[in-house]
Amino acid sequence: MKMFADYDQIMERISLQNLWDFPGGVHPTQKKSLSNQTDIQRIDLPSVVHIPVKQHIGVNGELIVKEGDTVKKGQPLTTSENSFAVPVHASTSGTVVAISDHVAAHPSGLSELTVTIECDGKDSEYEYTPMSDYAQRSKGEIIQAICAAGISGMGGAGFPTHLKANNVKPIEFLIINGIECEPYITSDDRLMREHAWQIRQGIDILCHLLQPKQVLIAIEDNKPEAFETMSIACQQEDNYHVVKVPTKYPAGGEKQLIQVLTSREVPSDGLPVDIGCLMYNVGTCYAIADAVIEGKPLIERVVTITGEAVDAPQNVWARIGTPIKHLLAQAQYHSEKQSYPRIIMGGPMMGFTLSSVQIPVVKITNCILVPAAKELPLVEDERACIRCSACADACPASLLPQQMFWHSKAKEYEKAQEYNLFDCIECGACAYVCPSEIPLVHYYRKAKADIRQQQLEKEKSEKARVRFEARKDRLQREKEAREEKHRLAAEARKQSLNKDGGAAKDKIAAALARAKAKKAKQQAQLKDKPSSDE
Amino acid sequence: MTLTLIAILVVVLIALVFGALLGFASIRFKVESDPLVEQIDNLLPQTQCGQCGYPGCRPYAEAIANGDEINKCPPGGEATIKDLSELMGVEAKPLDAAHGVEDVKKVAFIREAECIGCTKCIQACPVDAILGAAKQMHTVIIDECTGCDLCVDPCPVDCIDMVPLHDSSENWQWNFKQVSVGDIPLRQL
């Protein structure tokens, strides 16, 4: 077993600013200065907001509003009946005009159940229940408040925060991720510069819940201002340590950041908590502070609108559900600067092209990127792999992208899994360095989706088999029971015939005689009938 | 003469000993069912639709084990035929069109307003995926339905449709040939 650095060794290296490194990684052009020069702007309310019922990993909450209802800003639209359900809230006041399928913030461009609210412009607020004395409250109460506020990880994965915070294992390092390693995106950067104090409050709450030995706030060294403000905000606490991490993509990946800070590696089928670490995004900390101290749900977030096709790249406070079109207008989008409409949600490495400008901002939307015609040239036709192994050198998870590519392309999924396809974090570093311009991550995503589907089908067929067998057994049982019943009834009949000797037999004979007589009489009448008619 | 007798005796003795041994083993180490049938059954899609001509997947698995053709399962399609051919060591043949063609995944849907509550579909369903009672409206439990089609014919008022499972973002298969989506790696400058 590989020995990992222990707590003291790690703290020593961190205090010396002598961090570890993760394998691979790339250095794409940053382009962050496009959008990080101005404050986070407050923008006009959109006329409608589209709030998808599910914006996290898990299941839908239960809808508690109906069409025609008037809702206030912050009013819950769904409740969390199941621990994997995270509620969503009205992000402004208005009337629910539709609860129907609306195009979702998903690469497929398919529709999902969405609550559409027509805004009344008043933005009148729902009554919140603050919990400023959280230090006296029980852990369960705080977690309940976090869940009710609808918080799911805002770094990108959207895992329900209350599940992660409800941890019982010992935590050595609570890591706050302010890395933001993807080019163009500056939403966390601006948030840290302007709201360091509230992020700090969120971290305090997490510390109260998780009792970590040490808090590490990791910020890439290309954000000196954010590093400065966070250091000032955290200076009173002895066990809070703001760490400068060398800029390299994807240093912000959960596993990569843990490796840089602690040299520990998250096991392939394990979680960071197995090696004593837990990670939260700075945006999530900000939202936790809002949720607990003010009782305010997650209804807005910072979104970077950037790219050379907008005149005013900036960060804005966008209400959840704001159509992308509204944000683009705010940043003065010029479609003529693009050769064809191309709007990307997320960054240039891991984002996806949107199919419609009506797609809403969701809890994990950190960036809207609109590149000019020549800014982010589309990948042309891929060429053959030349086996240069540049992808393997760039892979931050030490995988063999080439092998996974062959097997994924040939649909040899078992072999692809043998090369640990599911440890791929889809960061795109391999595709970035590929001289043949092979969109490697596409193949991995396709293969992963196919494998998941196959597993689902396998489970379903297993269930069908069990039900089929159960039904067969039941039918057999019923048949036997029926036969048994018939047999018993026949026996009972026989017995009752024999019991009172000849009496019953006589009765039957008498009944037969009566029936015979009746029939004879009827026939006689029938014969008489024609004559009586005449 | 005695030598021949001894030889015969020895052979008979050996035969008896081994016979007893085999007899004992066949009782002591009895395998409940044919493991090959289990393996084949595992590969079949368990729709229990009977399109192969057998009353369910397991009977068809037994038939295959006894030498029947492996290309009679339309719901499993080419993928199942490929898996079966590997298991059985026979050549993969195209699907036998006499038993139907491969189709998209479907589930039964009862137009509830038209249902008269006759329970005929409930009796036909091989996996008990239809809920209802006599003179009460019936409905299909979508998660349990295998899309076998067997409930459609018995319905006296034709209120059952087979509808394709709709694509959702959860089961979407990253088909980037249709639409231009997915990641767009920043090119090295």
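What counts as what
- Residues numbered from 1 in each chain as written.
- Chains lettered and ligands numbered in written order.
- Predicted model: local features only at pLDDT ≥ 70, side-chain atom pairs only at ≥ 80, totals over all residues.
- Heavy atoms only, no water.
- Phe/Tyr/Trp six-rings, centres within 6.5 Å; stacked < 30°, edge-to-face > 60°.
- Buried < 20%, exposed > 50% of the residue type's maximum accessible area, 1.4 Å probe, protein only.
- Contact = heavy atoms within 4.5 Å.
- Buried area = accessible area lost by both parts, 1.4 Å probe.
- Salt bridge = Lys/Arg side-chain N within 4 Å of Asp/Glu carboxyl O.
- Helix = DSSP H or I, 4+ residues; strand = E, 2+ residues; numbered from the N terminus.
- Nonpolar A, V, L, I, M, F, W, Y, C, P; charged D, E, K, R; others polar.
- Core = buried A, V, L, I, M, F, W, Y, C linked by side-chain atoms within 4.5 Å.
- Patch = residues over 30% accessible without salt bridge, like charges linked within 9 Å, V, L, I, M, F, W, Y side chains within 5 Å.
- Areas by Shrake-Rupley, 256 points an atom, 1.4 Å probe, with all protein chains shown as cover.

1. Description of the packing of aromatic side chains
Here is step 1 of the chain: This model, assessed by the stated rule, comprises 5 aromatic pairs over all chains.
Here is step 2 of the chain: Ring geometry for Phe405(A) versus Trp406(A): centroids 5.4 Å apart, planes at 40 degrees, classification tilted.
Here is step 3 of the chain: Since its relative accessible area comes to 3%, Phe405(A) is described here as buried.
Here is step 4 of the chain: With a centroid separation of 5.7 Å and 25 degrees between ring planes, the pair formed by Tyr54(B) and Tyr60(B) is classed as stacked.

2. Thoughts on the interface of chain A and chain B
The accessible area lost on association of the parts is a frequent measure of interface size.
Here is step 1 of the chain: Taken together, the contacts link 47 residues of chain A with 41 residues of chain B.
Here is step 2 of the chain: When residues of chain A are sorted by the area they lose upon contact with chain B, His442(A), Arg467(A) and Phe468(A) head the list and together hold 15% of the total.
Here is step 3 of the chain: The tally of links from chain A across to chain B stands at 5 salt bridges.
Here is step 4 of the chain: Salt-bridge contacts for Arg467(A) lead to Glu144(B); the nearest nitrogen and oxygen are separated by 3.5 Å.
Here is step 5 of the chain: Elements supplying a minimum of two residues to the side of chain A that touches chain B: strand E15 (352–353), helix H12 (429–433) and helix H13 (440–499) of chain A.
Here is step 6 of the chain: Looking at the side of chain A that touches chain B, the element that brings in the most residues is H13(A), giving 21 residues.
Here is step 7 of the chain: Tallied by class, residues from the side of chain A that touches chain B come to 21 nonpolar, 8 polar and 18 charged.

3. A look at the nonpolar core
Proteins that are soluble and globular tend to have nonpolar side chains buried together.
Residue and element names in this part refer to chain A.
Here is step 1 of the chain: If you look at the biggest cluster of nonpolar residues, it comprises 47 residues, and the most contacted ones within it are Leu174, Ile176, Ile199, Ile203, Ile217, Met230 and Tyr280.
Here is step 2 of the chain: Elements with a contribution of two residues or more to this core: helix H2 (139–148), strand E8 (173–178), helix H4 (187–210), strand E9 (214–220), helix H5 (224–233), strand E10 (240–245), strand E11 (277–281) and helix H7 (282–294).
Here is step 3 of the chain: Examining the composition of this core, we find that 10 residues originate from one element, H4, more than from any other.
Here is step 4 of the chain: Other than its neighbours up to four places away in sequence, Ile217 contacts Ile176, Ile203, Met230, Cys234, Tyr240, His241, Val242 and Val243.
Here is step 5 of the chain: In this structure, Phe22, Ile179, Leu257 and Cys427 belong to the second largest nonpolar core, which totals 32 residues.

4. Regarding a nonpolar patch on the surface
Here is step 1 of the chain: Residues Ile6(B), Val10(B), Ile14(B), Val17(B), Phe18(B) and Leu21(B) make up a contiguous nonpolar surface patch of roughly 560 Å² in combined accessible area.
Here is step 2 of the chain: With respect to the helices and strands, Val17(B) occurs in helix H1 (residues 2–28).

5. Observations regarding the environment of Glu127(A)
Here is step 1 of the chain: Structurally, the position occupied by Glu127(A) is in the loop between strand E7 (111–119) and H2.
Here is step 2 of the chain: Taking relative accessible area as the criterion, Glu127(A) reaches 73% and is therefore assigned exposed.

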